[in-house]
Amino acid sequence: QVQLVESGGGLVQPGGSLRLSCAASKSIFSIYLMGWYRQAPGKQRELVAAIFSSGSTNYADAVKGRFTISRDNAKNTVYLQMNNLKAEDTAVYYCKSHQVGAGDSWGQGTQVTVSS
């Protein structure tokens, strides 16, 4: 089992930046996928960004060019750098891991609110 803890959320003005962190309880070097999802009130949880064991990354169209996912294997941590934040980015952001042949692990989430 991989335990994930998100941090870094908060209140930010439109156009501002935040960096979210996802600390894992074990090595993430060989984990197939580490990803960030978000869920806004009244909406389903959606994929924001993912980084694969190969180093490849995927982003939702809504965040391309603004968000960057990265990992620090030595710290067992995945980051989501969010720039030029918009009101529609407001959501609870969740960290997820997926290992081949194993179930998914989810963090508890961290609130991001973009408002003037």
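This section reports on the structure supplied with the text. Note that this is a predicted model, so its numbers are computed, not measured.

Points about the side chain of Ser21
- Its place among the elements puts Ser21 in strand 3 (residues 18–24).
- Those residues in contact with Ser21, other than ones at most four positions away along the chain, are Val5, Glu6, Ser7, Trp36, Thr77, Val78 and Tyr79.

Here we look at the pattern of salt bridges
- Tallied over the full model, the rule gives five salt bridges.
- A salt bridge links Asp61 to Lys64, with the nearest nitrogen and oxygen atoms 3.1 Å apart. For the pair formed by Asp61 and Lys64, the shared burial category is exposed.
- A salt bridge links Lys96 to Asp104, with the nearest nitrogen and oxygen atoms 3.4 Å apart.
- Here the residues in one salt-bridge network are Arg38, Glu46, Arg66 and Asp89, joined through shared partners.

A look at the packing of aromatic side chains
- In the structure shown here, the tally under the stated rule is two aromatic pairs.
- Ring geometry for Tyr32 and Phe52: centres 5.4 Å apart, planes at 65°, overall edge-to-face. Here Tyr32, found in the loop between strand 3 and strand 4 (33–39), pairs with Phe52, found in strand 5 (residues 46–52); they are 20 residues apart in sequence, far enough to count as distant.
- What makes Tyr32 partly exposed here is its relative accessible area of 38%.
- The ring of Tyr94 carries Arg45 above its face, with NZ or CZ at 3.7 Å from the centroid.
- Of note, Arg45 hangs over the ring of Trp106, and the distance from its end group to the ring centre comes to 4.8 Å.

Analysis parameters
Residues numbered from 1 in each chain as written. Predicted model: local features only at pLDDT ≥ 70, side-chain atom pairs only at ≥ 80, totals over all residues. Heavy atoms only, no water. Helix = DSSP H or I, 4+ residues; strand = E, 2+ residues; numbered from the N terminus. Contact = heavy atoms within 4.5 Å. Salt bridge = Lys/Arg side-chain N within 4 Å of Asp/Glu carboxyl O. Buried < 20%, exposed > 50% of the residue type's maximum accessible area, 1.4 Å probe, protein only. Phe/Tyr/Trp six-rings, centres within 6.5 Å; stacked < 30°, edge-to-face > 60°. Lys NZ or Arg CZ within 6 Å of the ring centre and 35° of its normal.

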